[in-house]
Amino acid sequence: MTTGRIAFQGELGANSHEACVAAFPDMEPVPHATFEEAFEAVKSGDCQLGMIPVENSIAGRVADVHHLLPSSGLKIVGERFKPIHFQLMANPGVKLEDVKTVASMPIALGQCRKTIRRLKLKTEAVGDTALAAKLLAQNPDPTRAAISPALAAELYGLEILARDIEDEHHNTTRFLVMTADKAPPSPPFTSPCITSFVFRVRNLPAALYKALGGFATNGVNMTKLESYMENGAFTATFFYSEVDGRPEDRGVALAFEELRFFSEKFEILGVYPADPFRSRA
């Protein structure tokens, strides 16, 4: 059982809030307006953990997160996969046929296109799914609805007019769990693990090809490799990567040794148990 406070980005009632409640029911979820503020809350000790979305099965990776992770000073200690469901909600007593406009964040509106089109609704973009519900509760309007998680309807006193209206029911978001502990306990050796790391290759011909060769020759499964720019410099490309296994594994250790030889920078961001969802997906 983990107690204390857990930081997330977004309003109360957002998908990240639901994810925190599902994964850490004994912790108090604490909302923050930005990812930077959520990271800082963990770094300062105001919150013991942070839970941040990094990618969605439909929308792809979450902007800004990968380049914030290395500079955050935090370590990754877990991952959670959360099925995403959206509800169409309105003020109490409003009927579905009265609704003319629906508000939500653009990604949510895009993931519920079929229902929006079928109901012939106008759309209005806001910065957060739960914020759409909160604003509707604060400014009741029988012609308006919000698309938001079920928790938002409960928190803001709204009624759900249509449930699970997302176009794709396999819609899933992956979250990373973060801690300010510089040396968190290693996961048990009985658990399949993921190692997340960042690196920047040396300025040599075919450096990336050579740097990654050790993973192939040592039979290490690389599940993610993404590039991003640091400080807006086109000449300094960083890579965020994930592999199956832990640094103590012989194959991973040899692959990291080769990677370090061809890299100017290398940093492990976390070693953590793989979510069982991976084996079911």
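Definitions and cut-offs
Residues numbered from 1 in each chain as written. Predicted model: local features only at pLDDT ≥ 70, side-chain atom pairs only at ≥ 80, totals over all residues. Heavy atoms only, no water. Pairing = 2+ DSSP bridges. Helix = DSSP H or I, 4+ residues; strand = E, 2+ residues; numbered from the N terminus. Axes fitted to C-alpha atoms, helices over the stretch in contact; angles between N-to-C directions. Contact = heavy atoms within 4.5 Å. Polar contact = N/O pair within 3.5 Å; in protein donor to acceptor, adjacent residues only side chain to side chain. Core = buried A, V, L, I, M, F, W, Y, C linked by side-chain atoms within 4.5 Å. Buried < 20%, exposed > 50% of the residue type's maximum accessible area, 1.4 Å probe, protein only. Parallel < 35°, antiparallel > 145°, perpendicular 65-115°, else oblique. Left-handed = near helix turned anticlockwise from the far one by under 90°. Nonpolar A, V, L, I, M, F, W, Y, C, P; charged D, E, K, R; others polar.

## Description of the sheet that holds strand β10 (residues 159-162)
- Across the sheet, which stays open at both edges, the five strands sit in the order β8-β7-β9-β6-β10 with mixed pairing between neighbours. Of all the strands in the sheet, just β8 (122-125) and β10 have a single pairing partner and so form its edges. Here the average twist between neighbouring strands, direction ignored, is 35°.
- Inspection of the sheet shows strand β7 (residues 101-104) paired to strand β9 (residues 144-148) by three bridges, in the parallel sense. Looking across to β9, one finds that T101 is bridged to R144.
- Packing of helix α6 (residues 129-138) onto the sheet brings it into contact with β6 (87-90), β7 and β9, and relative to β9 it is tilted by some 150°.

## Section: the side chain of S104
- Tracing the backbone through its elements, the reader meets S104 in strand β7.
- Side-chain polar atoms of S104 contact the backbone oxygen of I147, separated by 2.7 Å.
- The residues touching S104, leaving out its near neighbours within four places in the chain, are L109, E124, A125, V126, T129, A132 and I147.

## Quick notes on the nonpolar core
- In this structure, F39, L69, I76, L176, M178 and Y240 are the most contacted members of the largest nonpolar core, which totals 24 residues.
- Mapped by element, the contributors of at least two residues to this core are α2 (35-44), β3 (49-56), α3 (65-72), β11 (172-179), β12 (193-201), β14 (233-244) and β15 (263-273).
- Looking at this core element by element, the count peaks at five residues for α2.
- Other than its neighbours up to four places away in sequence, Y240 contacts H66, L69, I76, L176, S196, F197, V198, K224, L225, E226, Y228 and L269.

## Quick notes on the packing of α2 against α3
- Taken N-terminus to C-terminus, the directions of α2 and α3 make an angle of 25°; their axes are 11 Å apart at the nearest point. With respect to α3, the axis of α2 lies roughly parallel. When the axes of α2 and α3 are compared, the crossing they make is right-handed. Side by side, α2 and α3 meet where F35, E36, F39 and K43 of the first sit next to V65, L68, L69, S71 and S72 of the second.
- Of the residues assigned to the contact of α2 with α3, the class counts are five nonpolar, two polar and two charged.

Bear in mind that shape data such as this cannot, by itself, settle questions of function.
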